[in-house]
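Structural characterization, general
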Protein chains: 2
Amino acid sequence: MKKPRILIIGGGYGGLRASITLQRMLKEDQADVTLISKHDYHYQTTLLHKVAVGTLGDRKARIFFRKVLDPNKVKFVKDKIIRIIPEENKVEGNGGFYPYDYLVIALGFKPDNFGIKGVNEYAYKLSSLNSALKLARNIEYKFKEFVHTKDIFDLHFVVCGTGFTGIEFAAELAVEFKELCLICDIDISIPKIICVGRSEEILPIFPRHLSQLARKKMEALGVEFVCGGSVKECLENGVLVDIKGEEKFIQANTVLWATGVKGSDVIEKGNIPHKKGRIPVSPELRCKEFENVFVIGDSALATSRDVIHAPTAQLSAQMGDYIGETLVRLLNKRSALPAFKFIHRGTVCSIGHTDGVGVIYGKGVKGEVAAFMKNTIENKWLFGIGGFSMVFKKGQFRYRTSN
Amino acid sequence: MKKPRILIIGGGYGGLRASITLQRMLKEDQADVTLISKHDYHYQTTLLHKVAVGTLGDRKARIFFRKVLDPNKVKFVKDKIIRIIPEENKVEGNGGFYPYDYLVIALGFKPDNFGIKGVNEYAYKLSSLNSALKLARNIEYKFKEFVHTKDIFDLHFVVCGTGFTGIEFAAELAVEFKELCLICDIDISIPKIICVGRSEEILPIFPRHLSQLARKKMEALGVEFVCGGSVKECLENGVLVDIKGEEKFIQANTVLWATGVKGSDVIEKGNIPHKKGRIPVSPELRCKEFENVFVIGDSALATSRDVIHAPTAQLSAQMGDYIGETLVRLLNKRSALPAFKFIHRGTVCSIGHTDGVGVIYGKGVKGEVAAFMKNTIENKWLFGIGGFSMVFKKGQFRYRTSN
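As a convention, each chain's residues are numbered from 1 in the sequence order in which they are written. Just so you know, chain letters begin at A and ligand numbers begin at 1, following the order they were written in. Only residues with pLDDT of at least 70 get local features here, since the model is predicted, and only at 80 or more are side-chain atom pairs given and counted; chain-wide, interface and lining totals rely on the full set of residues. Computation of side-chain values covers all heavy atoms of the structure but excludes hydrogens and water.

**Some thoughts on the pairing of strand 18 (residues 254-257) of chain B**
Residues and elements named next belong to chain B. Burial of strand 18 is two-sided: the residues Thr254 and Leu256 facing one way and the residues Val255 and Trp257 facing the other way are all buried. Here strand 11 (residues 124-125) pairs with strand 18 via two bridges, running parallel. Looking across to strand 18, one finds that Lys125 is bridged to Trp257. Buried residues are those whose accessible area, probed at 1.4 Å on protein chains only, stays under 20% of the maximum for their type, while exposed residues exceed 50% and partly exposed ones sit between those limits. Counting from the N terminus, the helices are the DSSP runs of H or I reaching at least four residues and the strands are the DSSP runs of E reaching at least two. At least two bridges found by DSSP between two strands is the condition for calling them paired.

Shown next as structure tokens:
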């Protein structure tokens, strides 16, 4: 009898959890499980702001798939998926076609430029490890060369977006200014961060008092805010912002675009019905048109999702676990799981290494406790992937160890 | 009264220790002390083999001068020295002239190509953090691209030199092969290291039984040796070796040149009498021609040096301390120190992370004990520079934390 072929495309939080769950719960030879990813490593999207500032080394940020997957149970293939052909039960990558009996789509997100001019050309993004490293090199270069350039706008940074990504990056960089100025012999009053957001409060997913607390903490770090402003255009040396009908140019030679995300290109350009690269799914996370196709993480347009408003790492991981178990039950001909239900454990926004604000099991947390909880969340993820030794090697602790 | 100007050129083990000693022992305003280095960071030369293999991140390997020097006591200037003009009591850098009353020359080493063809063009070196990073990128690239190139010689490495640098690098890389092959899905039998040395024993500074033990440990890691062979020419794809009169071509697309070092270019091209970039010094480490010029580390041709045959980090550091104290006594008009005497605490050659051989206070050590002592030596240096917090941040411990 032919073994069923399970194909997982994408190795982010969702795809990796699905793979690990299958690896743990399936017997050897029960199925051919393959994970395909364009990188041979997984990285924690929730830590990219640290990579971008340079406080987390790229080696520590990478988890190589072949180190956590047992090839006898889950085969890893490095390839970039270019097309999904669900009518023929196969996907196409640069390396050829991959047929499947069951497909798990976990292709992740990409930054949404909302059609705004100049974003693709001039703004940095935090969408992958490589994009974060590019920004890190830029920051280091700008500080190191300041002795020659003397251009203060080389040390001005505009962050577009006052959600999680923007705020965590801005805080991390603001804390690091002290270090960078010391190393490069620059007056600490020169570098500057301006965060531009459309909503009146930063971190709008939080209750108002936490948003305001976060803003106060950020301002104490010297970060400036332009709230209720929408970016009209992104240029090489700044952004043009519309603030309640008035145009303002904010000058800065580095712009980070962190306003929001959409689903994958592959889905956006494909034939499966979607909304901005996200596929509508049933409560069991199945693609409505194709019974044997499951969709998780940022690839899924779940109705419950809109209620959650949370950063999606946690959601993606839970979806991955759910689909892993669903597939095991399918192969074992056991009854299906009840509909997927997200358990919202909590959300913490870090503000540098030792501060933060957040909500854990519905309760507000702040300060060192929040920073500790943030690390705990990251380390819990590592533990789920590779046990204690993974936490030890890649974990986040109170003190930075990278420089 | 004008304050005496003390100028230290070079921020390696010797120059940094001299600076730190002056910082600790001089009263504020007692002298104008300036350290000039072409990098704004110090790095531990004894750890470059780890950087080159990729097991130590570049951030962890760097110690920024401005983080350990108090600008009220020791001013740091980033500049590349191009000329020493002792007749006029000044040195020239790319940024201009620096006058001094007392000069400390601590310009370090550079690899000696012994006039052999192709070394400059084709061989990697471990002479600076940047050169080590270049080699690290090459190794990563060769492994990652092997899936496309399929050229086994991309995974063959020739190490020229069987002294400390060559052996520590070869061992570190041999241990890392397991990891690299796993990550890149390469058969572990493909990569290969061949060490070529002129002497019959590897690590000739050790007693014979330790050299032989080291070789046995290295061979257990799969490293091959060509002893008693001298390299005639270095090519893009290997080296031509003369083994007792017979020529042999060893094919490998990466060649590391680690056969020996000489003094700095600046000294070699300058007017002060020298031997291969090293200046003969008095027992008090003074330049014989110029009373107010002191020479330490690899810039010094000390007669006692030839007896020691040890890697010079330890020697350089002790010379730095000695000169720092000498200058403090000079300024305080106290009696001079007795002649410099090197206290040889010990020397350990690491073989990967958990093994090694060495001599500590005249006693042979091996295995885990040697590895532990090696880390202790590195951490002691960090402690001397920045106390416990520096050891915590940059220290070497039993387990790797970098990837």
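**Some thoughts on the packing of helix 1 (residues 13-25) of chain B against helix 11 (residues 312-331) of chain B**
Geometry of a packed helix pair, given as the angle between the helix axes and the separation of the axes. Residue and element names in this part refer to chain B. Orientation is described by lines fitted to C-alpha atoms, with helices fitted over the stretch in contact, and by angles between N-to-C directions that extend from 0 to 180 degrees. At a closest axis distance of 7 Å, the pairing of helix 1 and helix 11 adopts a crossing angle of 35°. As helix 1 packs across helix 11, the resulting crossing turns out to be right-handed. Taken together, the residues of helix 11 that come into contact with helix 1 (itself represented by Tyr13, Gly14, Arg17, Ala18, Thr21, Leu22 and Met25) are Ala313, Ser316, Ala317, Gly320, Asp321, Gly324, Glu325, Leu327 and Val328. Here is the rule for handedness: rotate from the far helix to the near one, and if that takes an anticlockwise turn smaller than a right angle the crossing is left-handed, while a clockwise turn gives right-handed. It only takes one pair of heavy atoms within 4.5 Å for two residues to be counted as in contact.

**Concerning the interface of chain B and chain A**
Opposite the 25 residues of chain B that make contact, chain A presents 27 residues. Accessible surface is computed with a 1.4 Å probe, and the buried area is the amount of it that two parts give up when combined, taken over both parts together. Of the roughly 2,400 Å² buried at the junction of chain B and chain A (both faces included), carbon and sulfur atoms supply 48%. Salt bridge, as used here, is a side-chain nitrogen of Lys or Arg placed within 4 Å of a carboxyl oxygen of Asp or Glu. The interface formed by chain B and chain A includes six salt bridges. Salt-bridge contacts for Glu140 of chain A lead to Arg62 of chain B; the nearest nitrogen and oxygen are separated by 3.5 Å. Polar contact criterion, stated in full: a pair of N or O atoms within 3.5 Å, where within protein one must be able to donate a hydrogen and the other to accept it, and residues adjacent in sequence count only if both atoms are side-chain atoms. Our count for the chain B to chain A interface comes out at eight residue pairs in polar contact (both at pLDDT 80 or more). Broken down by element, the residue count for the side of chain B that touches chain A peaks at five residues, all from helix 7 (residues 164-184) of chain B. Each residue receives one of three labels: charged for Asp, Glu, Lys and Arg, nonpolar for Ala, Val, Leu, Ile, Met, Phe, Trp, Tyr, Cys and Pro, and polar for the others, Gly being one of them. Residue composition of the side of chain B that touches chain A, grouped by class: seven nonpolar, four polar and 14 charged.

**Quick notes on the state of the cysteines**
Note on disulfides: each one is a pair of cysteine sulfur atoms within 2.5 Å. For the structure shown, the criterion picks out zero disulfides over all chains. With no disulfide partner, Cys349 of chain A has as its closest neighbouring cysteine sulfur the one in Cys195 of chain A, 10 Å distant. Exposure remark for Cys349 of chain A: the relative accessible area of 0% places this residue in the buried category. Between Cys234 of chain B, a free cysteine, and Cys160 of chain B, which holds the nearest cysteine sulfur, the sulfur-to-sulfur gap is 5.8 Å. Using a relative accessible area of 1% as the deciding quantity, one classes Cys234 of chain B as buried.

**Observations regarding helix 8 (residues 208-220) of chain A**
If you check helix 8 of chain A, its first and last C-alpha atoms are 18 Å apart, about what 13 residues at 1.5 Å a residue would give, namely 18 Å. With its phi angle positive at about 95°, Gly222 of chain A sits one or two positions after the end of helix 8 of chain A. Helix span, as expected, comes to 1.5 Å for every residue beyond the first.

**Description of the relation of the copies chain B and chain A**
Least-squares fitting of chain B to chain A yields an RMSD of 0.0 Å, with the superposition described by an axial translation of 0.0 Å and a rotation of 180°. Put plainly, the chains are arranged around a two-fold axis. Among all residues of chain B, the minimum C-alpha distance to the rotation axis is found for Gly57 of chain B, at 3.6 Å. Interface overlap between copies is the fraction of interface residues in one copy that are interface residues in the other; for chain B against chain A it reaches 100%, indicating a shared surface. Superposition of the copies was done by least squares, using only C-alpha atoms of residues whose pLDDT is at least 70 in both.

**Quick notes on the sheet that holds strand 11 of chain B**
Strand order in the open sheet formed by five strands is 11-18-12-13-14 (chain B), and the pairing between neighbours is parallel. Looking at strand neighbours, the two that pair on one side only are strand 11 and strand 14 (224-227) of chain B, the edges of this open sheet.

**Notes on the pattern of salt bridges**
Residue and element names in this part refer to chain A. One pass over the structure, following the stated rule, counts 48 salt bridges over all chains. The closest approach of N and O atoms between Glu88 and Lys90, which form a salt bridge, is 3.0 Å. Residue Lys217 is joined to Asp355 by a salt bridge in which the shortest nitrogen-to-oxygen separation is 2.9 Å. In this pair, Lys217 is assigned in helix 8 and Asp355 in the loop between strand 23 (346-350) and strand 24 (356-360), connecting sequence segments 138 residues apart. Each of the two residues, Lys217 as well as Asp355, counts as buried. Within this structure, Lys3, Asp29 and Asp32 form a network of salt bridges that share partners.

**Points about the sheet that holds strand 16 (residues 238-243) of chain B**
All names here are of chain B. If you walk across this open sheet you meet the three strands as 15-16-17, and the pairing is antiparallel. The outermost strands of the open sheet, each flanked by one partner alone, are strand 15 (229-235) and strand 17 (246-251). Direction aside, neighbouring strands of the sheet carry axes that sit 25° apart on average. Pairing of strand 15 with strand 16, which is carried by six bridges, proceeds in the antiparallel orientation. Considered in strand 16, the bridge of Gly229 is made with Ile243.

**What about unusual backbone geometry?**
Residue and element names in this part refer to chain B. Its identity is not glycine, yet Lys276 carries a phi of approximately 50°, on the positive side. Along the chain, Lys276 turns up in the loop between helix 9 (265-268) and strand 20 (279-280). Residue class for Lys276 comes out partly exposed when judged on its relative accessible area of 43%. Not every positive phi belongs to a glycine, and Tyr361 is a case in point at roughly 45°. Residue class for Tyr361 comes out exposed when judged on its relative accessible area of 59%.

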